[in-house]
Amino acid sequence: MGAAIDDINYLVSSEHRVGVLNALADGPSDRDELRATTGASSPTMGRILTDFQNRHWIERDGTLYQLTGLGEFVANQFEEFRNAMAYQRQLREVWSWLPHELEGFSIELLTDVVVSQPGSGYPYEPVERLTEFITTTRTMRGFGMALLKSGNLEPFFDHVLDGLVCEYIYPPAVFEDLLKWDEKTVLNAVRRANYTVLLHDDLPLDERCGICLFDDSVSICCYNPETGTLQSLVDTGSDEMRAWADTYYEQFRDEAQPLNDATDLLSVDSIQ
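Calculation notes
- Residues numbered from 1 in each chain as written.
- Predicted model: local features only at pLDDT ≥ 70, side-chain atom pairs only at ≥ 80, totals over all residues.
- Heavy atoms only, no water.
- Patch = residues over 30% accessible without salt bridge, like charges linked within 9 Å, V, L, I, M, F, W, Y side chains within 5 Å.
- Areas by Shrake-Rupley, 256 points an atom, 1.4 Å probe, with all protein chains shown as cover.
- Salt bridge = Lys/Arg side-chain N within 4 Å of Asp/Glu carboxyl O.
- Helix = DSSP H or I, 4+ residues; strand = E, 2+ residues; numbered from the N terminus.
- Core = buried A, V, L, I, M, F, W, Y, C linked by side-chain atoms within 4.5 Å.
- Buried < 20%, exposed > 50% of the residue type's maximum accessible area, 1.4 Å probe, protein only.
- 1 Å grid on protein atoms, 1.4 Å probe; cavity = no way out; pocket = protein on both sides within 12 Å on 5 of 7 lines; lining within 4 Å.
- Points joined across faces, edges and corners; volume = space filled by probe spheres on them.
- Nonpolar A, V, L, I, M, F, W, Y, C, P; charged D, E, K, R; others polar.
- Pairing = 2+ DSSP bridges.
- Contact = heavy atoms within 4.5 Å.
- Axes fitted to C-alpha atoms, helices over the stretch in contact; angles between N-to-C directions.
- Parallel < 35°, antiparallel > 145°, perpendicular 65-115°, else oblique.
- Left-handed = near helix turned anticlockwise from the far one by under 90°.

Trainee: Please clarify how a nonpolar patch on the surface should be interpreted in this entry.
Mentor: Judged by side-chain polarity, Ile-5, Ile-8 and Val-12 come together as a nonpolar surface patch covering roughly 240 Å² of accessible area. You can see Ile-5 is positioned in helix 1 (residues 2-12).

Trainee: What is the right way to look at the nonpolar core in this model?
Mentor: Across soluble globular proteins, you tend to see nonpolar side chains buried next to one another. Grouped together as the largest cluster of nonpolar side chains are 33 residues, with contacts concentrated most on Met-140, Phe-156, Phe-157, Tyr-170, Phe-175 and Tyr-195. Among the elements that line this core, the one with the most residues is helix 8 (residues 172-190), at seven residues.

Trainee: Hey, could you run me through the layout of surface pockets in this one?
Mentor: Size it by volume and the largest pocket reaches roughly 270 Å³. As for the largest pocket, its lining consists of Asp-7, Ile-8, Leu-11, Val-12, Trp-57, Phe-73, Val-74, Gln-77, Phe-78 and Phe-81. Mapped onto the lining of the largest pocket, the elements with two or more residues apiece are helix 1 and helix 5 (69-91). For the lining of the largest pocket, the leading source of residues is helix 5, giving five residues. The residue makeup of the lining of the largest pocket, split by class, is eight nonpolar, one polar and one charged.

Trainee: Which parts of the structure should I look at to understand unusual backbone geometry?
Mentor: Peptide bonds are, in most cases, trans, and in most cases residues other than glycine have a negative phi. The backbone phi angle of His-56 is positive, close to 60 degrees, even though this residue is not glycine. Mapping His-56 onto the fold places it in the loop between helix 4 (42-54) and strand 2 (58-61). Note on His-56: relative accessible area 56%, which makes it exposed.

Trainee: Before we go on, may I ask you to explain the sheet that holds strand 10 (residues 229-236) in this structure?
Mentor: The strands making up a sheet associate through backbone hydrogen bonding, with each pair oriented either parallel or antiparallel. The strand order across the open sheet built from eight strands is 4-10-9-8-5-6-7-11, with neighbouring strands paired in mixed fashion. The open sheet has two free edges, formed respectively by strand 4 (114-116) and strand 11 (257-258), since each of these has just one partner strand. Here seven bridges tie strand 9 (residues 218-224) to strand 10, and the two strands are oriented antiparallel to one another. Bridging from a neighbouring strand, Tyr-223 pairs with Leu-230 of strand 10. Packed onto the sheet, helix 9 (residues 239-255) meets strand 5 (139-144), strand 6 (165-170), strand 7 (195-199), strand 8 (209-213), strand 9, strand 10 and strand 11 and runs at close to 65 degrees relative to strand 5.

Trainee: Please clarify how the packing of helix 3 (residues 31-38) against helix 4 should be interpreted in this entry.
Mentor: Any two packed helices are characterised by how steeply their axes cross, that is the angle between the axes, and by the distance between the axes. Interhelical geometry of helix 3 versus helix 4 gives an angle of 110 degrees and a closest axis separation of 10 Å. Relative to helix 4, the element helix 3 lies roughly perpendicular. Along this stretch, helix 3 crosses helix 4, giving a crossing that reads as right-handed. Where helix 3 abuts helix 4, its residues Arg-31, Leu-34, Arg-35 and Thr-38 lie against Ser-42, Met-45, Gly-46 and Leu-49. Class assignment of the residues belonging to the contact of helix 3 with helix 4 gives a composition of three nonpolar, three polar and two charged.

Trainee: Can you help me understand the sheet that holds strand 2 in this one?
Mentor: Taking strand neighbours across the sheet as the criterion, the three strands line up as 1-3-2 in an open arrangement whose pairing is antiparallel. The open sheet is flanked by strand 1 (29-30) and strand 2, the only strands paired with a single partner. The pairing of strand 2 with strand 3 (residues 64-67) spans four bridges and is classified as antiparallel. The residue bridging Asp-61 from the neighbouring strand is Leu-64, located in strand 3. Running at roughly 90 degrees to strand 3, helix 2 (residues 15-25) makes contact with strand 1, strand 2 and strand 3 of the sheet. Sheet contacts for helix 4: strand 2 and strand 3; angle to strand 2, the most-contacted strand, approximately 110 degrees.

See the structure below:
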């Protein structure tokens, strides 16, 4: 591992080396173009090009430098590693709130991930991100704690009443909270054919997570069960994430009960 670590240290310890590798990954360039792209001085560029040639990462064709097959491999693997490290950095602060206890969930599912968190000066970013998905999607399925904040409820039910095709699996306590929020609106929506409510009294992580499947993305709402605060919204358009979420959704759907058949799970009698 020592020699491999030495190569990694050699590359990442210089922005100019990374810049040259990135530039040549886009296509052949001459020395002046590489200097203009990276901002490296002439002596620095000379050393980099010599080092890269000694490593067989690049070759020269006249005035142009280009990646060898080995250099292309290094460039591609380095880009993947940088992307992976960028993803994990985004997820560090919210990792403890994600459903990683569930079978099959892994960071590899979260490609092109977007993490929205409350800021010290503006706490509404995750609520607004979820509202954006709710109001622009044509179909929606979900389970757990995703729909709880009042800032999302009004646009959600407005969209349901406007035709959003939605099927949602609620923990009974969460659905009761909806009725307390606006019983008339909720019951009006429940009577519509485009809105299907299912109840499940044993959803895993039901105090911490809610997952929604929209037209083109999957979002995970992360809550702090002790404070009831929304910690973050994590969303991705990953096909792998959708496949995983679909599998769990269908499992919970098979276990859930339609609202009218599950009134014994509720402590309110509004729907009876």
